[in-house]
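# Structural characterization, general
Here is what each chain is made of, one letter per residue.
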Amino acid sequence: MRMLVTGAGGFIGRATVAEAVARGHRVRAVLRPGAEAPAFGAEAGGDAVEVVHADLRQREAIRDVVRDMDVVIHLAAAMQGDDAEHRAITVRGTAHVLDAMAAAGVRRLVAVSSIAVYDVLAAGGRGPVDESCPLETRPKQRDPYCRGKLTQEALIR
């Protein structure tokens, strides 16, 4: 399978690329412009990993990158910054990925969100926090990361 992994330079991204290659998949690993490529290219089987740099905030930058893929694993997101930064990277970046997938005919998406989107107080501390936990209903009381991830999830749905 040909997989595109956004956010491939992050902690989860590096592990995802390594696991995908270990399972025999070919990976196009997307890094931010100027980011140094992790060593996964050499460790993961040489040409099994193609490293590309693309700014997800630029619609055109991701269009060519998505072409010829079977699945997109979307991990890229802003990890810090204000609401504008999270809208630019997490939300608009996701919109650009979704648009590029539609244009390229890529129908499989694995999108990674965050535990930050759940309203753990509403769950009352009963049991584990999982997908059955309600989503945050007061995003204005939360941080920009939570608001960005909530908006991202709504966009994907």
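Before going into details, it helps to say that this report is about the structure given with it. (Residues numbered from 1 in each chain as written. Predicted model: local features only at pLDDT ≥ 70, side-chain atom pairs only at ≥ 80, totals over all residues. Heavy atoms only, no water.)

## Some details on helix α3 (residues 59–66)
As a reminder, the rule being used: Burial classes follow relative accessibility: with a 1.4 Å probe on protein chains only, a residue under 20% of its type's maximum area counts as buried, one over 50% as exposed, and anything between as partly exposed. Helix numbering and strand numbering both begin at the N terminus, where a helix is a DSSP run of H or I of at least 4 residues and a strand a DSSP run of E of at least 2. The reported arc concerns the directions from the helix axis to the C-beta atoms and nothing else. When checking whether two residues touch, look at their non-hydrogen atoms; a contact exists if any pair is within 4.5 Å.
Listed in full, the buried residues belonging to α3 are I62, V65 and V66. What you see down the axis of α3 is that its buried residues fit within an arc of 90 degrees, all on one side. Exposed and oriented more than 90 degrees from the buried face of α3 are E60 and D64. Tucked inside the fold, the buried residues of α3 contact β1 (2–6), β2 (26–31), β3 (49–53), β4 (71–74) and α4 (83–104). D68, located one to two residues past α3, shows a positive phi value of around 75 degrees.

## Side note on the packing of α3 against α4
When two helices pack together, you describe them by how their axes are tilted relative to each other and by the distance separating the axes. Inclusion rule: Fitting a line to C-alpha atoms yields each axis, with helices limited to the stretch in contact; the angle taken between N-to-C directions then spans 0 to 180 degrees. These descriptions rest on fixed angle ranges, namely under 35 degrees for roughly parallel, over 145 for roughly antiparallel, 65 to 115 for roughly perpendicular, and the rest for oblique. Throughout, a crossing is termed right-handed when the near helix is turned clockwise from the far one, and left-handed when it is turned anticlockwise from it by less than a right angle.
Where α3 meets α4, the axes come as close as 9 Å, and the angle between the chain directions of the two elements is 45 degrees. As judged from the angle between their axes, α3 and α4 are oblique. Pair α3 / α4 crosses with right-handed handedness. Here R59, I62, R63 and V66 of α3 lie close against α4, whose contacting residues are H96, V97, D99, A100, M101, A103 and A104.

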